[in-house]
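Coordinates in review
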Amino acid sequence: QVQLVESGGGLVQAGGSLRLSCAASGRTFSGYAMGWFRQAPGKERTFVAGITWSGGVTYYADSVKGRFTISRDNTKNTVYLQMNSLKPEDTAVYYCAIRRGMPIVVVAGYDYWGQGTQVTVSS
């Protein structure tokens, strides 16, 4: 049974940093892309960042480019999201997800999801 577990969320002041982690287990993930999404209260879940299996290609939403960095450690089946220069509008529940092939921005295209971790940025 595939399981994704996020951690690292919390409360931070604007301008601060957080590092999210997502550990995957339950199968071999060779060839699987991983992505981070977020969902603010009353809003749809949206793409934040994605990374290929090799880690050689990354994608970012325009709103986080230059501030967030996605990376992965395949020896640990873990993906990370380093978030710098955080803004109040980054406040949301952050989810990691995994799919075979390339990362995409469409929520429905992912096969497995974590339970989410709350990130709150105060002004």
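These notes cover the structure that comes with them. (Residues numbered from 1 in each chain as written. Predicted model: local features only at pLDDT ≥ 70, side-chain atom pairs only at ≥ 80, totals over all residues. Heavy atoms only, no water.)

Counting residues in hydrophobic clusters, the biggest one holds 28 residues, and the most contacted among them are Met34, Trp36, Val48, Phe68, Leu81, Met83 and Tyr94. Contributions of two or more residues to this core are made by strand S3 (18-25), strand S4 (32-39), strand S5 (46-51), strand S7 (68-73), strand S8 (78-83), strand S9 (92-100) and strand S11 (117-122). Aside from chain neighbours lying at most four places away, what touches Tyr94 is Glu6, Leu20, Trp36, Phe37, Arg38, Val48, Phe68, Leu81, Met83, Gly116, Thr117 and Val119. (Core = buried A, V, L, I, M, F, W, Y, C linked by side-chain atoms within 4.5 Å. Buried < 20%, exposed > 50% of the residue type's maximum accessible area, 1.4 Å probe, protein only. Helix = DSSP H or I, 4+ residues; strand = E, 2+ residues; numbered from the N terminus. Contact = heavy atoms within 4.5 Å.)

Take the pairing of S4 next. Judged by how many residues are buried, S4 sits mostly within the fold: 7 of 8 residues are covered. As judged from the 8 bridges shared by S4 and S9, these two strands associate in the antiparallel manner. Bridge assignment links Trp36 to a residue of S9, and that residue is Cys96. Turn length for the S4-S5 hairpin, with the two strands adjacent in sequence and antiparallel, is 6 residues, and the turn residue Gly42 shows positive phi of about 75°. (Pairing = 2+ DSSP bridges.)

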